[in-house]
Amino acid sequence: MKIAIPKERRLQEARVAASPETVKKMVALNCSVVVEKGAGEASSIPDTAYAEAGAKIEKDAAATLKDAKVVLKVQAPDEKELAALAKGALLVAIMDPYRATKDLDALAKAGVTGFAMDLMPRITRAQSMDVLSSQSNLSGYKAVLDAAAEFGSAFPMMMTAAGTVPPARVLVMGAGVAGLQAIATARRLGAIVSATDVRPAAKEQVESLGASFVAVEDEELKAAETAGGYAKEMSAEYKEKQAALIAETIKKQDIVITTALIPGRPAPKLISGYMVASMKPGSVIVDLAVETGGNCELAQAGKVVIEHGVKIVGHLNVPSRLAADASQLYARNLFNFLQLIVDKDSGELKLDWEDEIIKGTCVTRDGAIVHEGLAELARGKTKGSAKPAPAAKIETAAAEEKVAEAAPKPAAAKPVARRKTAAKAASKPRGKTKEPEADDKGAAGPADKGDGA
């Protein structure tokens, strides 16, 4: 059975769907592996490394994809690639299913059986295939490095003969995989770190990494998590209290990193323009949700902008900016999935359509969109937002939607008046609140949680 690894053609995509390690393992499954010339160059993997692992190198996409039964990609194919796929071929990739409905329609019409790795069920058995965790882990790390690059001061406290440099203060909004890695990385760099999340279970995880937890800790928070580990919709009253606390906290920070995403919906707006105006000049915001609308209302996709003296970073496809490691992890995710669908003895496809993982990731089959939620969306019957967020970027529903919008807003346009309004609201909380405490240790935090944390 032929497995094809074409070169990625989407803009700003430097990753590749296979590594020499996984090529060797696929060959051991009695499969023939064909890699397009230059497919791994952007991920620092030369063609010779693939060839030594047992792959055949083809000159272009057409030759690579010809007669391939299985095609492994990072992102869904473009029109030209799709035309080269054989009818009945099996495609495994990050499909961005909630936004890329046209791509799914095209896959179905082409007779391709498509599997979206970004719809991987969050179950223990699927942890080694969870691309959202493996890629988000790197995103959280890179977000801190991007913040450090834009920040005009040092992260750790430094004591010199000329005086003391205070440590940077970092707030991480959303304590999912990306958020936890951001916390761990900022702590290693010596910053004083705090984090916020509406899931009560996040508090223990945040504090275990040496950060302070910022939330209105009342009875509603205790019941704010679903059985699946996601956040429940909070009341307007809670949103108002939480927004007031965040508004007061955020103006004390040097760096804010936002990671909040919600399945099938636009990214929640957590930082309003008046909150940005309240921050100190030279502060930095890194918005990891910018591709789905952004957590900061002033963020711009693919740009670093300055608003009210604050730098707002909105880089696209952050995992691809660490292409070498991102590709290695993603390739392992794919191979672990392949082991479910390839017979080890014959090297041919063997799919159990009742398997929870196979059933949960299949999006197109026999000329139709078969995933229940996506099929309903394609028929125009899905309720809710008209512009749902891509599942490819979802790693947690760890932030409450519109929490910033619920904050009290001043009548006057002056930043000083806005700060007084926010401070006044924060000074009269209706529930118990906790603000981050100063920590001058500046020591590295505990080890990060790793994939799937």
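Structure shown above.
Cut-offs and rules
Residues numbered from 1 in each chain as written. Predicted model: local features only at pLDDT ≥ 70, side-chain atom pairs only at ≥ 80, totals over all residues. Heavy atoms only, no water. Buried < 20%, exposed > 50% of the residue type's maximum accessible area, 1.4 Å probe, protein only. Helix = DSSP H or I, 4+ residues; strand = E, 2+ residues; numbered from the N terminus. Pairing = 2+ DSSP bridges. Right-handed = clockwise from strand over helix to strand, strands pointing away. Phe/Tyr/Trp six-rings, centres within 6.5 Å; stacked < 30°, edge-to-face > 60°. Lys NZ or Arg CZ within 6 Å of the ring centre and 35° of its normal. Arc of directions from axis to C-beta. Expected span 1.5 Å × (residues − 1). Core = buried A, V, L, I, M, F, W, Y, C linked by side-chain atoms within 4.5 Å. Contact = heavy atoms within 4.5 Å. Polar contact = N/O pair within 3.5 Å; in protein donor to acceptor, adjacent residues only side chain to side chain. Axes fitted to C-alpha atoms, helices over the stretch in contact; angles between N-to-C directions. Left-handed = near helix turned anticlockwise from the far one by under 90°. Nonpolar A, V, L, I, M, F, W, Y, C, P; charged D, E, K, R; others polar. Parallel < 35°, antiparallel > 145°, perpendicular 65-115°, else oblique. Salt bridge = Lys/Arg side-chain N within 4 Å of Asp/Glu carboxyl O.

A.B. asks: What am I meant to see in the pairing of strand E2 (residues 32-36) here?
C.D. replies: Consecutive residues of a regular strand have side chains that alternate between opposite faces of the sheet. Burial analysis of E2 places four of its five residues in the buried class, which makes it a mostly covered element. Note that strand E1 (residues 2-5) and E2 share four bridges and pair parallel. Paired with isoleucine 3 across the strands is valine 33, a residue of E2. The sheet contact formed by E2 and strand E3 (residues 56-58) spans three bridges and is parallel. What sits directly across from glutamate 36, in E3, is glutamate 58. Taken together, E2, helix H2 (residues 47-53) and E3 constitute a β-α-β crossover, and its handedness is right-handed.

A.B. asks: Would you mind going over the sheet that holds strand E15 (residues 304-307) with me for this structure?
C.D. replies: The strands making up a sheet associate through hydrogen bonds between their backbones, and the pairing can be parallel or antiparallel. The strand order across the open sheet built from seven strands is E11-E10-E9-E13-E14-E16-E15, with neighbouring strands paired in mixed fashion. Strands with a single pairing partner mark the edges of an open sheet, and in this sheet they are strand E11 (212-213) and E15.

A.B. asks: So what exactly am I meant to see when it comes to the packing of aromatic side chains here?
C.D. replies: Each pair of aromatic rings is reported with the distance of its centres and the angle of its planes. The full count for this structure, using the stated rule, is three aromatic pairs. Considering the side-chain rings of phenylalanine 151 and phenylalanine 155, the 6.3 Å spacing of their centres and the 85 degrees angle between planes classify their relative orientation as edge-to-face. The burial state of phenylalanine 151 is the same as that of phenylalanine 155; both residues are buried. Grouping aromatic residues by their ring pairs yields a cluster made of Phe115, Phe337 and Trp353. Here the guanidinium or amino end of arginine 365 rests over the ring plane of tryptophan 353, the centre of that ring lying 3.6 Å away.

A.B. asks: Would you explain helix H5 (residues 101-109) in this entry?
C.D. replies: Given 3.6 residues per turn, any residue in an α-helix points the same way as the ones three and four places further on. Those residues of H5 not exposed but buried are Leu104, Leu107 and Ala108. The arc that holds the buried residues of H5, viewed along the axis, is 100 degrees, so those residues lie on one side. Exposed and facing more than 90 degrees away from the buried side of H5 are Lys102 and Lys109. Looking at the residues trailing H5, positive phi occurs at glycine 111, about 75 degrees.

A.B. asks: Explanation requested: helix H12 (residues 323-341) in the structure shown.
C.D. replies: For H12, spanning 19 residues, the distance from its first C-alpha to its last is 27 Å, which sits close to the expected 27 Å at 1.5 Å a residue. For H12, every residue scored as buried is listed here: Ala323, Ala326, Ser327, Tyr330, Ala331, Asn333, Leu334, Phe335, Phe337, Leu338 and Ile341.

A.B. asks: Could you clarify how one ought to interpret the nonpolar core in this entry?
C.D. replies: The nonpolar side chains of soluble globular proteins are, as a tendency, buried together. Among the nonpolar cores identified, the biggest contains 55 residues, and Phe155, Val170, Ile183, Ile271 and Ile285 are the most heavily contacted of them. It is helix H7 (residues 177-188) that provides the largest number of residues to this core, a total of six residues. Residues in contact with phenylalanine 155, not counting those within four places in the same chain, are Val144, Ala148, Pro167, Ala168, Val170, Ala186, Leu189, Gly190, Ala191 and Ile255.

A.B. asks: What exactly am I supposed to notice about the environment of serine 283 here?
C.D. replies: Its place among the elements puts serine 283 in the loop between helix H11 (273-278) and strand E14 (284-287). Each C-alpha atom of the pair serine 283 and isoleucine 306 lies 9.8 Å from the other, and the pair is 23 residues apart in sequence. Setting aside anything within four residues of it in sequence, one finds serine 283 in contact with Gln253, Asp254, Gly309, Val310 and Lys311. One polar contact links the side chain of serine 283 to the main-chain carbonyl oxygen of glutamine 253, over a distance of 3.4 Å.

A.B. asks: Would you take a moment to explain the packing of helix H6 (residues 131-150) against H7 for this structure?
C.D. replies: Describing two packed helices takes the angle between their axes plus the distance from one axis to the other. At their nearest, the axes of H6 and H7 sit 7 Å apart, and the two run at 40 degrees to each other. In this structure, H6 crosses over H7, and the sense of that crossing is right-handed. Here Ser133, Ser136, Asn137, Gly140, Tyr141 and Val144 of H6 come into contact with H7, specifically with Val177, Ala178, Gln181, Ala182, Thr185 and Ala186. A class-by-class count of the residues in the contact of H6 with H7 yields six nonpolar, six polar and no charged.

A.B. asks: How do you make sense of the sheet that holds E3 when you look at a structure like this?
C.D. replies: Taken together, the eight strands give an open sheet; going across it, the order is E3-E2-E1-E4-E5-E6-E17-E18, and neighbouring strands pair in mixed fashion. Among the strands making up the open sheet, the edge pair consists of E3 and strand E18 (368-369). Here four bridges tie strand E4 (residues 70-75) to strand E5 (residues 90-94), and the two strands are oriented parallel to one another. Bridge pairing in E5 places glutamine 75 opposite isoleucine 94.

A.B. asks: Would you mind showing me how to read the packing of helix H1 (residues 20-28) against H12 here?
C.D. replies: With their axes 9 Å apart at the nearest point, H1 and H12 run at an angle of 15 degrees to one another. By the criterion of interaxial angle, the relationship of H1 to H12 is roughly parallel. In the packing of H1 onto H12, the handedness of the crossing is left-handed. Contacts between H1 and H12 involve Glu21, Thr22, Lys25 and Met26 from the former and Gln328, Ala331, Arg332, Phe335 and Leu338 from the latter. Taken together, the residues that form the contact of H1 with H12 break down as four nonpolar, two polar and three charged.

A.B. asks: Quick question: what am I supposed to make of the pattern of salt bridges here?
C.D. replies: Pairing is possible between side chains of opposite charge, provided their charged atoms come close. Throughout the structure, instances matching the rule amount to 19 salt bridges. For arginine 332, the salt bridge goes to glutamate 21, with nearest N and O atoms at 3.1 Å. Highlighted residues: arginine 332 in helix H12 and glutamate 21 in helix H1, separated in sequence by 311 residues. A relative accessible area of 30% places glutamate 21 in the partly exposed class. Linking aspartate 130 and arginine 122 is a salt bridge whose minimum nitrogen-to-oxygen distance equals 3.1 Å. Taken together, the shared-partner salt bridges connect Glu8, Arg9, Glu36, Lys73 and Glu81 into one network.

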